[in-house]
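What follows is each chain in one-letter form.
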Amino acid sequence: MPLLLGPFVRCRLSATLLALWLVLSGFTCTGGSEHAATATLPAAFSDLLPHFQIEPEDEYIVKNKPVTLTCRSTPATQIYFKCNGEWVHQDDHLIERTVDPATALPVMQVTIEITRQQVEKIFGLDEYWCQCVAWSTTGTQKSQKAYIRIAYLRKNFEEEPQGKEVALDQEVLLRCHPPEGVPQAEVEWQRNEDVIDPASDPNFVITPDHNLVIKKARLADTGNYTCVAKNIVARRKSTSAAILVYVDGGWSEWSKWSACGADCSMWRSRECTQPSPGTGGKDCQGLDLQSLNCTSEQCPQTVSGAEDVALYVGMVAVALCLTLLLIVVVLVYRRKKEGLDADVADSSILTTGFQPMGIKPSKPGVWAPRSRRAPPHSKNSHLLTIQPDLTTTTTSYQGTLRSRHDATGKFSMTNGPLLDPLPNGSHTLHNGKLNSDAAAEFVSRLSTQSYFKTLPRDVANTSYGTFNFLGGRLTIPNTGISLLIPPEAIPRGKIYEIYLTVQRKEDLRLPVAGCQTLLSPIVSCGPPGVVLSRPVILSMDHCFDACLDNWAVRLKKQNYEGAWEDVLLMGEELVSDPYYCQLEAETCRLFSEQLGTFALVGESLHMGAAKRLRLVLFSDAYCSTLEYNIRVYCMDDTQDVFKEVMQMERQLGGRLIDEPHVLLFKDSYHNLRLSIHDMPQAHWRSKLLAGYQEIPFYHIWNGSQRYLHCTFTLERLSLSTCELTCQLCVWQVEGEGQSFSLDFNIAKDTRALDSEFLLMDSNATALAGPSAFQIPYLIRQKICSSLDAPCPNGADWRMLAQRLKLERHMSFFASKASPTSVILDLWEAQHFHSGNINQLATVMADIGKQEAMIFLVSDGEC
C-alpha cells in the first residue's frame, strides 16, 4: 500500500474507471479536503516518479501587487511549496486537478501568492526564494528555485552625459550610467526626443556599458542628447546634453600672382571658404592677402641713385633722434621710481598699527568647523611689538598704489597675456577691501581676457587687490584658501593687480584616472606670468590622511592651453624646482615662484589609503506636513565644500541638526551605506523601502562631485508629533562608520541657518602692505639680519626652524638668499588667523636674541 502524506485517504480504482474518477472528482473517499494538495494515485501508476510540466519561475513584485507562483506535476499524490526553507501552509495552496489527454495520466497543479510584506521580512539577509515538492508512491521530486525580488528603479543616474562642443568629423563619446534598479534597467538614447537606432544609422554605436559613440560628428548631429533608463517599474530620463558640432574655416588655394604694378609689387589672395566657418567654429588662421616685391620691366624706376642716398641719410638721422629721446624718458622714469620707493619706505606705514590680529569669535552655540583661538598672552610678546601711533586709525594700507606710475607699466610678464589697463587707471584700497561694483568690474574684465575665459564670475568666491613690493595677503573667507605675497616678492617699482579664486566643479573639470582622486579644491591665482622675486605661499585645505606612505600625491598645474601637467611629486621636492610643499594635517602650503591654477591629486598606493569625508545633517527649518526630510551630505573634508553646501542649504531654508562628523573612507572599492534606526514606531515610520541607502564607491573616489547627499523621508502619524529621536548610521562596507544620535523638536527651532555661521571669518579679503602681516616690517628686517648669518653655536636661522618644527625643510631654506625670511613667510601663512606672535617672541628669547640684540647688533654679527 502506498504511503501518503497529509490529510488524505487511500482509494483503489481500476484503470478503466480512472478517467471517470478524475472527471467527476466526486469520489466517495472520506476525510478529504478541497484545499488539500493530496490525492490517491491508482495502482497502475504507482511506479512512476512525479514529472514537472510547469516549474515556478523568477518574479518581480511591482509596487504592492503580489505575484503568483505555479507548479504542475504528473503523476503526483501531493504537491507543496517551500519558501526560504519553510513549508507554506496548506490553506495557502490553490489546487487544480486535470488529466493529460495524451497519456491519460492525472495532472495536479498548485498555485500560491507571495506578497511584498513576506519578501521585506527577510530583506538584506538573503534573497527570497520558493520551490515546490511533488510526491508519488515511488518518491519525490523538487522543482527549480524561483527567486522573488522587489522591483525598483532609483531616480538619480550614477553618471549623466555632459554637453560639449566638437569639431566636424570628430569622434564623440557620451557617457551614461543608469540608476540602480531591479531588474537592471535597459538603456536607450534620444536625440531631440527621437529614439536613436544604431541599426538604421551606423554612425551611432551604443556600447555594452550604455555609452553612446558618434563615430564622426556631422552638422546634423547637433542637438540635445538624453539617456533613457527603463524597467518594469519606471522610466527615467537623464538631463539633456547639448552637442554642438562646429566647423573651423579653411583657406582656399592661393590665386595666381598679379602683374607687377607701378609700386614694384605683385599680389595674390585666398578666401576662407573651404569650408566657411560655421556654428561657432574658428575663422581661418594666417594671411588672406600676400605681396611680393618685383623688378620686372613693368616696374618703372622713379628714384635716382643720388636721391636714394639722401633718403637713407634722413632715415638714419631720425633713428638717432628717437634713440636719444628714449634714453631721456628712461632716465626720467628711473628717477621717479626711486622717489616713490623712498617715499613709501620712509612713510609712517612701516610703524603704524602693528598689534597682533585675531578674528571675531563666533556666537555661543554656533559650531565652528576649525576654530583657531589666540593663545594666552606671553611675557615675551614685547620683543616683537612696536608701540602704535594712537593718533592714527588706519589698519591697512590706504591710497592709490598706482598714482606715481603710468598704467601701462603696472605688469612685467613672461609667456603670459597682459591684462588691459583699468578704465580709470587706478583703484583705491580702503581697509583692504573694494566695493562690490569694483569687484564685479574686475572679475568681468578678467573673464574677457583670452586666458581667463574659465574664470568664474562668482564674486563671493574671488578676492583681489593691488600690491607693490610691500606685499600683502588675499583670503577667500570660510574656505581655508589664502595667498601670502611676502615683502619684496614683487620687484620694486612694479605694481600688480592679483586675484585669488576657487573653482567650482561646473567651472573647471580636472580629469582623474585609475586610483587617482582629487584631494583639494582647484584654486587659481594670477595673472599668470607675472615676474616674482621670491615665492608666494598659497594655502589650501586637503582631504586625505596626510600619510605619504599610503599615497602618491602630485601637484597639478593647468598650462596656457588648458591641459593639466604634473609639476611636483610630494615628498620628492627638489630645492631647485619653482614649487615646494609644506604638508600639514589638514592644510597644504605651496611655495610657488609662478601664479596659475593648482590642485592636489592623489593616487592610492594600497587599500589603507583613506580620504576624509565630512558628514553633515540638515532638515527643513519648517515642517507643516506629515512628511519630514533629513538630508545627509557626504563631502570632501575641506572648508570650501562645506561653505558651498551651507550656502545651498541656506537658500533651501534648511537647518543644521547636529555637529558634522568625519569619516575615513578607504580605497577598498566598498560602497558607503546609510541607514536610520530606533525611531519610536508609535509616532514615526520611515518611507525607505530598503534597509539602507548606498552611495557607490567610485562616486566618492573619482571626485567628479565633491559632495553627495541622500534623503531620508520620515512620516509622523500625527501633526501633533514634534519630538524625534533616532539613530542615523553612515559606514563603509567592511570599514569605518559614524553614527548620529538625534533627539530634537522639529517645531521648536524654525530658524534657518544662522548668518553668523557663514561670516565667522570676518577679516578683510585683501590686505595690502604691513597690515597684512603679524611681524612689523622693520622688526622683520632686524630678525633676518640677525639670524641669516651662520653662527658657530647654531643660534641662527637653523635653530629658528627647529624651534618652529620646520627642520624637514632645512635644505629648502638653505637654498634661499635669506633663509630666515622664508621661515618667517611660512610662519605668517600658518598663524595669520591666530595672531600667535607671542610664540615667535618666546622662540626668539630661547635662541638668545633678546630685544636689544635684535635692534642693536650689526648685520652678520653673532
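Structure shown above.
The model shown is predicted, which means the values in this text are computed figures rather than measured ones.

Chemist: Run through the overall build of the protein, naming residues and quoting values.
Modeler: Tallying secondary structure elements over the protein gives 12 helices and 46 strands in all. Out of the 862 residues belonging to the protein, those deemed buried represent 47%. Long-range contacts, defined as pairs at least 24 residues apart, comprise 71% of the intrachain contacts of the protein with a sequence gap of at least 6. A total accessible area of about 42600 Å² is found for the protein, and carbon and sulfur atoms account for 53% of it.

Chemist: Outline the sheet that holds strand β7 (residues 106-114), listing residues and values.
Modeler: The antiparallel open sheet is built from four strands, whose spatial order is β1-β3-β7-β6. In this open sheet, the two edge strands, each paired with only one partner strand, are β1 (51-54) and β6 (94-99). Recorded for the sheet is a direction-independent mean angle of 25° between the axes of neighbouring strands. Both β1 and strand β3 (residues 67-74) contribute to a ladder of three bridges, which runs antiparallel. Within β3, the position partnered with H51 by the bridge is T74.

Chemist: Would you mind going over the side chain of S136 in detail, with residue names and values included?
Modeler: Relative to the helices and strands, S136 is located in the loop between β8 (128-135) and β9 (140-142). A distance of 2.9 Å separates a polar side-chain atom of S136 from the backbone oxygen of L48. The contact partners of S136, leaving out residues within four places of it in the chain, are L48, L49, P50, P75 and T77.

Chemist: How would you summarise the pattern of salt bridges if you had to cite specific residues and measurements?
Modeler: Considering all chains together, one arrives at 27 salt bridges under this definition. A salt bridge links D221 to R191; the nearest nitrogen and oxygen atoms lie 3.1 Å apart. In this pair, D221 is assigned in the loop between β18 (212-214) and β19 (223-230) and R191 in strand β15 (residues 186-191), connecting sequence segments 30 residues apart. Residue D221 is classed as buried on the basis of its relative accessible area, which comes to 0%. R492 serves as the salt-bridge partner of E488, at 3.0 Å between the closest nitrogen and oxygen.

Chemist: Got a sec to walk through the packing of aromatic side chains? Specific residues and values, please.
Modeler: This structure, assessed with the given rule, holds 17 aromatic pairs. Considering the side-chain rings of F618 and Y633, the 5.5 Å spacing of their centres and the 90° angle between planes classify their relative orientation as edge-to-face. A residue pair is termed long-range when its members are at least 10 positions apart, and F618 in strand β36 (residues 610-620) and Y633 in strand β37 (residues 627-636) qualify at 15 residues. On the basis of relative accessibility, which here comes to 0%, the residue F618 falls in the buried class. What makes Y633 buried here is its relative accessible area of 1%. A centroid spacing of 5.3 Å and a plane angle of 45° characterise the contact between Y669 and F697, whose relative ring orientation is tilted. Taken as a pair, Y669 in the loop between β39 (661-666) and β40 (672-677) and F697 in helix α6 (residues 697-701) lie far apart in primary sequence, 28 residues in all.

Thresholds, definitions, all that
- Residues numbered from 1 in each chain as written.
- Predicted model: local features only at pLDDT ≥ 70, side-chain atom pairs only at ≥ 80, totals over all residues.
- Heavy atoms only, no water.
- Helix = DSSP H or I, 4+ residues; strand = E, 2+ residues; numbered from the N terminus.
- Buried < 20%, exposed > 50% of the residue type's maximum accessible area, 1.4 Å probe, protein only.
- Contact = heavy atoms within 4.5 Å.
- Areas by Shrake-Rupley, 256 points an atom, 1.4 Å probe, with all protein chains shown as cover.
- Pairing = 2+ DSSP bridges.
- Axes fitted to C-alpha atoms, helices over the stretch in contact; angles between N-to-C directions.
- Polar contact = N/O pair within 3.5 Å; in protein donor to acceptor, adjacent residues only side chain to side chain.
- Salt bridge = Lys/Arg side-chain N within 4 Å of Asp/Glu carboxyl O.
- Phe/Tyr/Trp six-rings, centres within 6.5 Å; stacked < 30°, edge-to-face > 60°.

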